[in-house]
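These are the residues of each chain, in order.
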Amino acid sequence: MSADTQLLWRPTAVAPGNAIAELVRSRSLLYGEAVYLTEARGSRQVSFRDLEHRVASRIAELDDRAVAADATVGIAVADPLEFAVLFLAVMASGRWVAPLDPSSSPEAIATAVSRLEISLMVSDGGPRVPPDLDWTDAGGDPRPCAPVPIERALEEGTLSPAGMGGAVLASSGTTGAPKVVPVYQGRLLHAARAVATHHRLSPRDTGFNPLPLFHINAEVVGLLASLVAGSNLVLDDRFHRTGFWALMARHGVTWVNAVPAIVSHLADPDSDEAIPPGIRFVRSASAPLPAATLSRFEANTGIPVLETYGMTEAASQIAANPLTGTRKPGSVGLPVGVELRITSDQGPDAPAGEAIEGAPTDCARPGHVEIRGPSVITAYGGNGHRDRFTDDGWLRTGDLGYFDEDGFLYLVGRTDDVINRGGEKVYPRDIEEEILVDPDVAAAAVVGDEDAVLGQVPVAFLVLQNGAHAAHADTVAYIANRVRKHLDATLVRAQQPVAVHVVERLPAGANGKVQRRALRQQRPPTLFSLDCR
């Protein structure tokens, strides 16, 4: 019997009743040497049986270091396969895992260690992981860290005493400071099962994930949903446009986990590129997907795109377009695994409110999107932001949206994004969708500018298609003026931007979501500006 096999059955290695540990064990028994994880651009693979051995080995290392049973372990590991094993192992041990961006500066890591009360850091020391991981104390003796009172979770029935632990994450911070979001493993698995069921994942599937693993999307939609389904997941370090379709064919990929920026980059295949016939769908999340981009991608590739909606506080998925039947461009689909309602608009600082009567048939009346369910948190770390929660468990997401007559959800923006132009509410997404109709525009973002008379006015920032920023200045000016004329013809006066700026890139997070706060605070250098005032 090998040393690893002996480790597997150490009583302290895997806690009985721990949901993640039981899932790892059951998939090992069911699927054995079938492949769970594949390195996209290498030869390494991890079978379900390998996973059980590796998880147990990592748990034993934690136990041997006497890391407290409910401590938080930070992982800043660039290698996707090593990250996956560590992510699962820490939770399978009953501890809390805090995934961090491995490219962060030492100062950023130190801030995260303090903010998330990390007891132990695991890093690989560089962009490529060496064979032996570097286990580094984060400072002082390991100490327990319970992000929210454990008793509350027990009362809710979401955890058993043997199934503690989960992930301590940060919200995206798109419009404000990131919040600490502790998500119990039971919530993570509820969301993962909902994703696997909704997308009909099975052992016959091979997913492809180029998204950062320190974000909730890749962790739940990629790692956990594939583990639940018993399917293979191909992990890449990031998105590479060159040779993308050939890579999908080589690995036999059947679905792709993507964000709108990736969909946009893939929407116009080169003439010598062959689209593999076995891809069932591309899933888009993390940011709004322009309807024009979706339509162009589907027309040019023949692959359906499922636009979805999620957030860290819901362990990823909230709504998704169906895999079969009606899909609606511009909509994030129907609720999946959660309850969802639209409440009356009481202002951005109002507490969570009462549901709008007859919301599903109250079309085009934007209100606050609120959610609750087994995957939705009931408190933030440190019990802050209590005004975001109702006594009966609803969480105000900060998003604004409405239902159509079929119950499909449409998002119009974030509460903080709404532009108040002389008393008229202007939603940036309405303007951005019209800008992106232009085939030479790759990305767009609209923010509010201060105005002495109207209070706020919309300003648009455009990124042109690949290479267009290097085109002749007259060409850039022509495209900007063409966009301006289209907006004048299609938008009411309040929605028309007072300025159009062509920039080389928009500030965005690792998941491709535009950082509007950064765009408002520090405008990027412009290639061309058209002032319409």
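Before reading further, recall that the structure is shown in the block above.
Residues numbered from 1 in each chain as written. Predicted model: local features only at pLDDT ≥ 70, side-chain atom pairs only at ≥ 80, totals over all residues. Heavy atoms only, no water.

### Concerning the environment of Ser 295
The following threshold applies: Only DSSP runs of H or I covering at least 4 residues are called helices, and only runs of E covering at least 2 are called strands; the numbering of each starts at the N terminus.
In this structure, Ser 295 sits in helix 11 (residues 291-301). It is 8.9 Å that separates the C-alpha atoms of Ser 295 and Ala 267, two residues lying 28 residues apart in sequence.

### Some points on the pattern of salt bridges
What counts is decided by this rule: A carboxyl oxygen of Asp or Glu within 4 Å of a side-chain nitrogen of Lys or Arg is what we treat as a salt bridge. Buried residues are those whose accessible area, probed at 1.4 Å on protein chains only, stays under 20% of the maximum for their type, while exposed residues exceed 50% and partly exposed ones sit between those limits.
All chains considered together, the criterion is met by 29 salt bridges. In this structure, Arg 396 engages Glu 370 in a salt bridge whose closest nitrogen and oxygen atoms are separated by 3.4 Å. In this pair, Arg 396 is assigned in strand 18 (residues 395-403) and Glu 370 in strand 17 (residues 367-372), connecting sequence segments 26 residues apart. When its relative accessible area of 5% is taken as the criterion, Arg 396 is described as buried. A relative accessible area of 0% means that Glu 370 is categorised as buried. In the salt-bridge network here, residues are joined through shared partners; they are Asp 417, Glu 432, Arg 516 and Arg 520.

### Digging into the pairing of strand 8 (residues 180-184)
Counted only if it meets this: Two strands pair if DSSP finds at least two bridges between them.
Counting buried positions along strand 8 yields five of five residues, so the element is predominantly enclosed. Covered by surrounding structure in strand 8 are Val 180, Pro 182 and Tyr 184 together with Val 181 and Val 183, the residues of both alternating faces. Alignment of strand 7 (residues 166-170) against strand 8, held across five bridges, turns out to be antiparallel. Considered in strand 8, the bridge of Ala 167 is made with Val 183.

### Looking at the packing of helix 3 (residues 48-64) against helix 4 (residues 80-92)
In helix packing, the relevant descriptors are the interaxial angle and the interaxial distance, both defined with respect to the helix axes. Test applied: Helix axes are fitted to C-alpha atoms over the stretch in contact, other axes to C-alpha atoms as well, and angles between N-to-C directions run from 0 to 180 degrees. Oblique is the label for every angle not falling under 35 degrees (roughly parallel), over 145 degrees (roughly antiparallel), or within 65 to 115 degrees (roughly perpendicular). Whether a crossing is left-handed or right-handed is set by the direction in which the near helix is turned from the far one by less than a right angle, anticlockwise for left-handed and clockwise for right-handed. Whether two residues are in contact is decided by their heavy atoms: any pair within 4.5 Å suffices.
Where helix 3 meets helix 4, the axes come as close as 8 Å, and the angle between the chain directions of the two elements is 60°. What the angle tells us is that helix 3 and helix 4 run oblique. Handedness of the crossing formed by helix 3 with helix 4: right-handed. Residues Leu 51, Arg 54, Val 55, Arg 58, Ile 59 and Leu 62 of helix 3 pack against Glu 82, Val 85, Leu 86, Leu 88, Ala 89, Val 90 and Ala 92 of helix 4.

### Comments concerning the sheet that holds strand 19 (residues 409-414)
Strands in a sheet are paired, the pairing made by backbone hydrogen bonds, and the direction either parallel or antiparallel. Strand order across the open sheet formed by four strands is 16-17-18-19, with antiparallel pairing between neighbours. Only two strands of the sheet have a single partner each, and these edge strands are strand 16 (339-343) and strand 19. Pairwise comparison of adjacent strand axes, ignoring direction, gives a mean angle of 45° for this sheet. Pairing analysis gives four bridges linking strand 17 to strand 18, with the strands arranged antiparallel. Counterpart to His 368 in the pairing with strand 18 is Leu 400.

### Description of the sheet that holds strand 12 (residues 281-284)
With respect to topology, nine strands assemble into an open sheet ordered 2-1-10-9-11-12-13-14-15, the strand pairing being mixed. A single partner strand is all that each edge strand has here, and the edge strands are strand 2 (45-47) and strand 15 (334-335). In terms of strand pairing, strand 9 (residues 206-209) meets strand 11 (residues 255-258) through two bridges, oriented parallel. Bridging across to strand 11, Phe 208 finds its partner in Val 256.

### Description of the environment of Ala 319
Looking at where Ala 319 falls in the secondary structure, it is placed in strand 14 (residues 316-320). By relative accessible area, which is 0% here, Ala 319 ends up buried. Sequence separation of Ala 319 and Phe 408 is 89 residues, and the distance between their C-alpha atoms is 8.9 Å. Setting aside its immediate chain neighbours within four residues, Ala 319 contacts Thr 308, Tyr 309, Val 332, Gly 333, Leu 334, Pro 335 and Val 336.

### Quick notes on the environment of Pro 260
One can find Pro 260 in helix 10 (residues 260-266). A relative accessible area of 10% means that Pro 260 is categorised as buried. Linking Pro 260 and Ser 284, residues 24 residues apart in sequence, is a C-alpha distance of 6.0 Å. Each residue touching Pro 260, except ones within four places of it in the same chain, is listed here: Ser 284, Ala 285, Ala 287, Pro 288 and Leu 289.

### Observations concerning helix 3
Side chains three or four residues apart in an α-helix point the same way, a direct result of the helix having 3.6 residues per turn. Rules: Here, expected helix span is obtained from the residue count minus one, scaled by 1.5 Å.
The end-to-end C-alpha distance of helix 3 is 24 Å, a good match for the 24 Å that 17 residues give at a rise of 1.5 Å each. Here helix 3 has its buried residues at Phe 48, Leu 51, Glu 52, His 53, Val 55, Ala 56, Arg 58, Ile 59, Ala 60 and Leu 62. Phi turns positive, to about 60°, at Ala 66, one or two residues after helix 3.

### Some details on unusual backbone geometry
The phi angle at Glu 117 is positive, at roughly 55°, despite the residue not being glycine. In this structure, Glu 117 sits in the loop between helix 5 (106-115) and strand 5 (120-123). A residue is classified by how much of its surface remains accessible, and Glu 117, at 40% relative accessible area, is partly exposed. Phi angles above zero are rare outside glycine, and Arg 200 is one such case at about 55°.

### Details of the packing of helix 4 against helix 8 (residues 216-229)
Rule in force here: Side-chain classes are defined by residue name, with Ala, Val, Leu, Ile, Met, Phe, Trp, Tyr, Cys and Pro counting as nonpolar, Asp, Glu, Lys and Arg as charged, and the others, Gly among them, as polar.
With their axes 12 Å apart at the nearest point, helix 4 and helix 8 run at an angle of 75° to one another. As judged from the angle between their axes, helix 4 and helix 8 are roughly perpendicular. Taking contact as the criterion, the partners of Phe 83, Ala 84, Phe 87 and Leu 88 in helix 4 are, on helix 8, Glu 219, Leu 223, Leu 224 and Leu 227. For the contact of helix 4 with helix 8, the class distribution of residues is seven nonpolar, no polar and one charged.

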